[in-house]
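Below are the chains, spelled out letter by letter.
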Amino acid sequence: MRSSTSSFKTYELTRVVPKHHWVLLAVLSFAIASVFTLGWEMYWRSKSYIPTLNDTKDLWASRREILETEYNRTVLIGASRLLFDFNMDVYEKAMGERPLQLATVGTNPNPYLEDLANDPTFSGTVIVGVVPSLYFAPGGPPMDSPREHLKHYREWSPSQRSGHYLGMMLERVFAFLNEGDLTLNELLQDLKIPNREKVKTSPELPPYFHGVDEKRQGWMWKFAAKDEALQHRIQQIWLPLFSRAPPPPAVKKTLKANKARVDKIRARGGHVVYLRLPSTGQLRELENEKTPRAEFWDRLLSTTGAPGIHFEDYPELSEFDCPEWSHLNRQDATKFTQRLMPLFKELRDAGKM
Amino acid sequence: MLFNSLTFIVFFIVVLGLHYTVSSWKTQKTVLLTASYIFYAAWNPPFVILLWISTLVDWYVAKALVREEGPGKRKGLLFISLAVNLGLLGFFKYGNFLLENFKALMDLAGIPFEAATPSIILPVGISFYTFQTLSYTLDVYFRKTDRCQSFLDFALYVTFFPQLVAGPIVRAVDFLPQCIKPRRATRDQFGWGLYFMTLGMFQKVVLADTLLSSAADKVFSHSGTALHFFDTWIGVLAFSAQIFCDFAGYSTCAIGTALCLGFILPDNFRSPYAAIGFSDFWRRWHITLSTWLRDYLYIPLGGNRRGTLRTLFNLMFTMFLGGLWHGASWTFIVWGLLHGFYLVVEHLLRQCFPDIALVKTRMGRFGLGMLTFLIVSVTWIFFRAGDFSTACLLFGSLFNFNGTQILPTLEILQVSGVVIGLLCSHWYLHEKHLEHAIQNLPAWWVVTLWSTMLIGLIVTQGGANAFIYFQF
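Residues numbered from 1 in each chain as written. Chains lettered and ligands numbered in written order. Predicted model: local features only at pLDDT ≥ 70, side-chain atom pairs only at ≥ 80, totals over all residues. Heavy atoms only, no water.

**Digging into the pattern of salt bridges**
Using the following cut-off: We define a salt bridge as a side-chain nitrogen of Lys or Arg found within 4 Å of a carboxyl oxygen belonging to Asp or Glu. Think of it this way: any DSSP run of H or I at least four residues long counts as a helix, any run of E at least two long counts as a strand, and we number them from the N terminus. Accessible area is worked out with a 1.4 Å probe on protein chains only. A residue is then buried under 20% of its type maximum, exposed over 50%, and partly exposed in between.
Following the criterion strictly, the structure yields 40 salt bridges over all chains and no others. Where Arg216 of chain A meets Asp55 of chain A, a salt bridge forms, and the shortest distance between an N and an O atom there is 3.0 Å. Taken as a pair, Arg216 of chain A in the loop between β4 (210–212) and β5 (218–220) and Asp55 of chain A in the loop between α1 (22–46) and α2 (57–64) lie far apart in primary sequence, 161 residues in all. We note a salt bridge from Lys103 of chain B to Asp107 of chain B, for which the minimum N-O separation is 3.4 Å. In this pair, Lys103 of chain B and Asp107 of chain B are both assigned in helix α4 (residues 71–108), 4 residues apart and thus about one turn of the helix distant. Judged by its relative accessible area of 27%, Lys103 of chain B falls in the partly exposed class. Taking the relative accessible area as the measure of exposure, Asp107 of chain B reaches 44% and is therefore partly exposed.

Next comes the structure, spelled out in structure tokens:
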């Protein structure tokens, strides 16, 4: 702020254009950038990347908004296991209805369940994927992610909506448009510059190793299902992420909240079914140690009174091997869903879904 | 609609196509006005009504002000404009803040008061277009400008999409004359406009969002234990650079977009981090807001014509409102008051020591410039911290040698690189305009810079993050 009383409006409104042939410079610059883009695309394709949609908040919002008009749809909420391991085509063929996939990676789906319970029009079935260490997490990133998705959906603007559809058109063409792995930020992370000795950073998250389609059918990429080095790397990332047991007060709170939410949905004629999907190897051992079934899964079912399917209760569901201990490959996901269908049909016949 | 979105790219191509294919100037302006409403409605359609209210009220008030000679009635008309514009701003921006503070006051007085907390959504850019329309009515009231004769021109002035939501705040005397004759960018203006747009998006997407935001977010969202001084300083400097790249990036895009359409908008930034002193800083930072505050608040209050004490009060009061303009929170008010205090101290120092030799040497000026930058950066803590406890934690951490270390080496390198680069560029452009610097570069160098920025944008794949100043 000038401390003078000089006159009204002192800036000059002129815009000098530097003396260059600007159209020629623009053409050259855009041509160089286009050539680079082509090379960049070819490079990543040579590294086995293929065009795939990004699993964005916009994509999630585009699925969530369907419930605004189709109140009694079946909805899938959970974390990446439900996103990868559940084949919606199989479900549609067997049950006559395509579910809406609202599960998101690394998520505690309780905010999604709360959203559906509080939606006065919703009267469908909710299939809840339960990964106990995430499902009973008191806060942090597993809770932030669903809250951000819900906020984005509630504030989804016409501009974001059109940007989403334009973005999908490009993502179907260019492999390098991979937000999970190939942005500048992600590429810089790959430099693995060592940190100072006392730095406390968040635990490393696994690399992006799944694709989704427009209806959010997820699947593990082929090379992730085959590449043992990548699998080993992801396995070593899971162990620290799953090494904490949810604190008892958070468990109690989650159980109480689930009971209330299930009751609300049931009161409107809807249903809730809990589903425990496979995990294997050291990760399964760690889960059994930190989140033993009796204290988490069994209590969840007994508190809420909702039906549940635990993969370990059925021999046909427990014979799968997860390549990186936490998710099924694409073929196994299809088989697994096929084997789930008789169980779902039983529940439907019993009026439980 | 955000500049850094695919929707905007398609929208702008369509607008350009229509702008340059329609032959009638009136139709061109109608196209631009319609496009501006679409641009705004793409964020939240109902809020276009607020733009219409603001436009209609100021149009009719200005019309009546020209006809009316009686001072009382003229004041009444001005009051209507102020009440409607500031009333809307007050309701949407300060409603919750006032209610919270009223409740706190009642609690303090021991009077039980419970109020429902209304969920008020802040219409994007309301502070910007409110100040813009107000400036027109005030200019007509003070007879500094004639009334606009065309409603279409006036509506376009209020709504012109390149600067609608985050400035630069344009004066009617600058914009309305541009509506008289048909505007078409020359070939070179168009290319230079595209260069500006690329530069603005690079600042926003690559520098602010990708290289700086993570460190700033980590440090400003830290709670509990005190941070290590090094991490705190890096986080503070990261935000200092981020807020510049974000806001200047928007202004640069706005100027470039307007230029492609043949319109000229004023500069909003002029190497502010090379400012020597705080009055110099405010001549370089958000220029269109600081000149607005100077012309419509500081000078009407008496400026520096009514003695030292009154001058100091005027400075503090102007900066207090400047802080409040940025956000409905006490932290913004403290940020504004601190800048007012710095201006007061500088004013007094200039009076007491008008002729210090050190200040005139190159090293002296550089030292003062760096001191200004550091104080401005530290003061941003109040601006960025959501509450006083976070601000206090960070101030306490600035000289804490045993605190928690949270920043990875990569982010430290990113922030250091950008901040050093930013300071070098600001000092290089301290006394000259970007246009002159670019003019002196050989063409191949310009192509290298331009294509590097484009490649940076492509590799970054910038998600459409909103600009920080949209919330103001």
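Back to the write-up after that little detour.
**Side note on empty space enclosed by the protein**
Where empty space is left becomes clear once a probe the size of a water molecule has been rolled over the atoms. Residue and element names in this part refer to chain A. The line we're drawing: Two kinds of site are reported from a 1 Å grid over the protein atoms alone, namely cavities, where a 1.4 Å probe fits but cannot get out, and pockets, open sets with protein on both sides within 12 Å along at least five of seven lines, and residues are called lining when an atom falls within 4 Å of a point. Grid points are joined across faces, edges and corners, and a volume is the space filled by probe spheres set on the points. Classes in brief: Ala, Val, Leu, Ile, Met, Phe, Trp, Tyr, Cys and Pro nonpolar; Asp, Glu, Lys and Arg charged; the others, Gly included, polar.
Scanning the entire structure with this criterion turns up 3 cavities of 30 Å³ or more. One number sums up the size of the largest cavity: a volume of about 50 Å³. Lining the largest cavity we find Pro132, Arg276, Arg284, Asn288, Thr291, Pro292, Arg293, Trp297 and His310. Across the lining of the largest cavity, the residue classes tally to 3 nonpolar, 3 polar and 3 charged.

**Points about the interface of chain A and chain B**
Rules: Contact definition: two residues touch when any of their heavy atoms are within 4.5 Å. The term buried area refers to how much accessible surface (probe radius 1.4 Å) is lost by two components on association, counted for both of them together.
Taken together, the 60 residues of chain A in the interface contact 81 residues of chain B. A buried area of about 6,000 Å², summed over both sides, lies between chain A and chain B, and 66% of it is on carbon and sulfur atoms. One can count 3 salt bridges joining chain A with chain B. With a shortest N-O distance of 3.0 Å, Glu435 of chain B and Arg15 of chain A are connected by a salt bridge. Counting only elements with at least two residues in the side of chain A that touches chain B, the list comes to α1, α8 (158–171) and α9 (184–189) of chain A. The element best represented in the side of chain A that touches chain B is α1 of chain A, accounting for 12 residues. Taken together, the residues of the side of chain A that touches chain B break down into 30 nonpolar, 22 polar and 8 charged.

**Considering the layout of surface pockets**
Residues and elements named next belong to chain B. Volume-wise, the second largest pocket comes out at about 970 Å³. Taken together, 38 residues line the second largest pocket, and the ones lying closest to its centre are Leu199, Gln203, Ser425, Leu429 and Leu434. Secondary-structure elements contributing two or more residues to the lining of the second largest pocket are α8 (187–220), α9 (229–260), α17 (409–428), α18 (434–439) and α19 (443–460). Counting residues per element, the lining of the second largest pocket draws most heavily on α17, which supplies 7 residues.

**Thoughts on a nonpolar patch on the surface**
Residues and elements named next belong to chain B. Using the following cut-off: The patches described consist of residues with a relative accessible area above 30% and no salt bridge, like charges being joined within 9 Å and nonpolar side chains (Val, Leu, Ile, Met, Phe, Trp, Tyr) within 5 Å. Per-residue accessibility takes into account occlusion by the displayed protein chains alone, with areas from the Shrake-Rupley method and a 1.4 Å probe.
On the surface, Phe341, Val345, Leu349, Phe353, Ile356, Leu358, Val359, Leu368 and Leu371 cluster together to form a nonpolar patch covering roughly 770 Å² of accessible area. Elements supplying a minimum of two residues to the nonpolar patch: α13 (330–352), α14 (357–360) and α15 (362–384). Tracing the chain through its elements places Phe353 in the loop between α13 and α14.

Spatial relationships are all this shows, so hold off on functional conclusions.
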